[in-house]
Amino acid sequence: MAEKSSPRRTQAERRRTSREKIIREASRLFAEYGYRGAKLAEIAQAVGMSEPGLLHHFPSKEHLLIAVLEERDRVDRERFGQDVLEEHRNLLEGLRALVAHNETVPGLVQLFIVLAAESIQPEHPAHGYFSERYQQVRDSIVELLRQSQQRGEIRNDVSAEELAAMVVALMDGLQIQWLFHPEQVKMSVVFEAFLNLLKVKTSEKSL
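Residues numbered from 1 in each chain as written. Predicted model: local features only at pLDDT ≥ 70, side-chain atom pairs only at ≥ 80, totals over all residues. Heavy atoms only, no water.

1. Points about the packing of helix α8 (residues 127-150) against helix α9 (residues 160-180)
In contact at an axis separation of 8 Å, α8 and α9 are set at 125° when each is read in the N-to-C sense. The angle between α8 and α9 falls in the class oblique. For the element pair α8 and α9, the recorded crossing hand is right-handed. For the pair α8 and α9, the contacting residues are Y134, V137, R138, I141, V142, L145, R146 and Q149 in the first and A160, E161, L163, A164, A165, V167, V168 and D172 in the second. Classifying every residue of the contact of α8 with α9 gives 11 nonpolar, one polar and four charged. (Axes fitted to C-alpha atoms, helices over the stretch in contact; angles between N-to-C directions. Helix = DSSP H or I, 4+ residues; strand = E, 2+ residues; numbered from the N terminus. Parallel < 35°, antiparallel > 145°, perpendicular 65-115°, else oblique. Left-handed = near helix turned anticlockwise from the far one by under 90°. Contact = heavy atoms within 4.5 Å. Nonpolar A, V, L, I, M, F, W, Y, C, P; charged D, E, K, R; others polar.)

2. Some points on the packing of helix α7 (residues 106-118) against α8
Packed helices, taken two at a time, are described by their axes: the angle between them and the distance between them. Where α7 contacts α8, the two axes come as close as 9 Å, and the packing angle between them is 110°. Taken as axis vectors, α7 and α8 run roughly perpendicular relative to one another. Considering how the two elements wind past one another, α7 and α8 form a crossing that is left-handed. On the side of α7, the interface is formed by F112, L115 and A116, while α8 contributes F130, R133 and Y134. Its residues assigned to classes, the contact of α7 with α8 comprises five nonpolar, no polar and one charged.

3. Concerning the packing of aromatic side chains
If you walk through the whole model with that rule in mind, you get five aromatic pairs. Arranged with centres 6.1 Å apart and planes meeting at 40°, the rings of F191 and F194 form a pair that is tilted. Here F191 and its partner F194 are both found in helix α10 (residues 187-198), three residues apart, which amounts to about one turn of the helix. For F194, a relative accessible area of 14% puts it in the buried group. Through pairs of rings, three or more aromatic residues link up here, namely F112, Y129, F130 and Y134. It is K61 that lies over the ring of Y35; its NZ or CZ is 4.7 Å from the centre. (Phe/Tyr/Trp six-rings, centres within 6.5 Å; stacked < 30°, edge-to-face > 60°. Buried < 20%, exposed > 50% of the residue type's maximum accessible area, 1.4 Å probe, protein only. Lys NZ or Arg CZ within 6 Å of the ring centre and 35° of its normal.)

4. Re the pattern of salt bridges
The final tally for this structure, using the stated rule, is eight salt bridges. The partner of R28 in a salt bridge is E25, with the nearest N and O atoms 2.8 Å apart. Of the two residues, R28 and E25 both sit in helix α1 (residues 11-37), three residues apart, roughly one turn of that helix. By relative accessible area, E25 is classed as buried at 16%. Put simply, R96 and E192 hold a salt bridge, and the shortest N to O gap is 2.6 Å. Of this pair, R96 sits in helix α6 (residues 91-102) while E192 sits in helix α10, placing them 96 residues apart in sequence. The class of R96 is partly exposed, set by a relative accessible area of 28%. Relative accessible area serves as the criterion here: at 24%, E192 is assigned to the partly exposed category. (Salt bridge = Lys/Arg side-chain N within 4 Å of Asp/Glu carboxyl O.)

5. Details of the nonpolar core
Core analysis: the biggest nonpolar cluster contains 52 residues, and F30, I43, L64, L115, L145 and F191 have the highest contact counts within it. Among the secondary structure elements, those contributing two or more residues to this core are α1, α2 (40-46), α4 (61-80), α6, α7, α8, α9 and α10. In terms of residues, this core owes the most to one element, α9, which gives eight residues. Those residues within four positions of L115 in sequence are excluded, and the remaining contacts are F30, Y35, L65, L69 and F130. (Core = buried A, V, L, I, M, F, W, Y, C linked by side-chain atoms within 4.5 Å.)

6. Regarding α6
The α-helix winds at 3.6 residues per turn, so residues separated by three or four positions along the chain end up facing the same way. In this model α6 runs 17 Å from its N-terminal to its C-terminal C-alpha over 12 residues, within 8% of the 16 Å that 1.5 Å per residue would give. Residues of α6 that are buried: L91, L92, G94, L95, L98, V99, H101 and N102. (Expected span 1.5 Å × (residues − 1).)

The analysis is restricted to geometry; functional conclusions fall outside its scope.
Structure follows, in structure tokens:
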């Protein structure tokens, strides 16, 4: 008896698969060469398309960049969005889990660092995206820090706003050092030491 052939994919399914492949390869090349250094022709070649074929899916390089950033955010929200962080018993556990996860995805970490650095220039197409993202991240961490301070888990002799800026600065700075020297800089170990500095000691709680 002849085997049944698998059903043919619809045009929408083929289009979705092509877009996913393009975004995946664009992420890799943006991480390696930056937005300006990666060429559309190189991305098209990596996915086995012509440049006009790629532009059929993404009208411009800027559209492709936004799609890459949106995909990264989607993955982050699934793993460590606001609701996921709040499921942890406290903020420190959520941040610890995020740093541990980042150690498993060096390509995504590099993509973020390269594009964030490039986008400091106001004319960069991702400038507004990263400016808004940093503000949102700090605001979210500030709120969670205040809750932890009220529960007596985190020191309150430094404002939540200042601590939030420190947390973001440490995480980004650690990622850069880790990308250069992954064997020497252990993100989870260093971040754990920093978290211990934030915690209220048992002796202080009893005062």
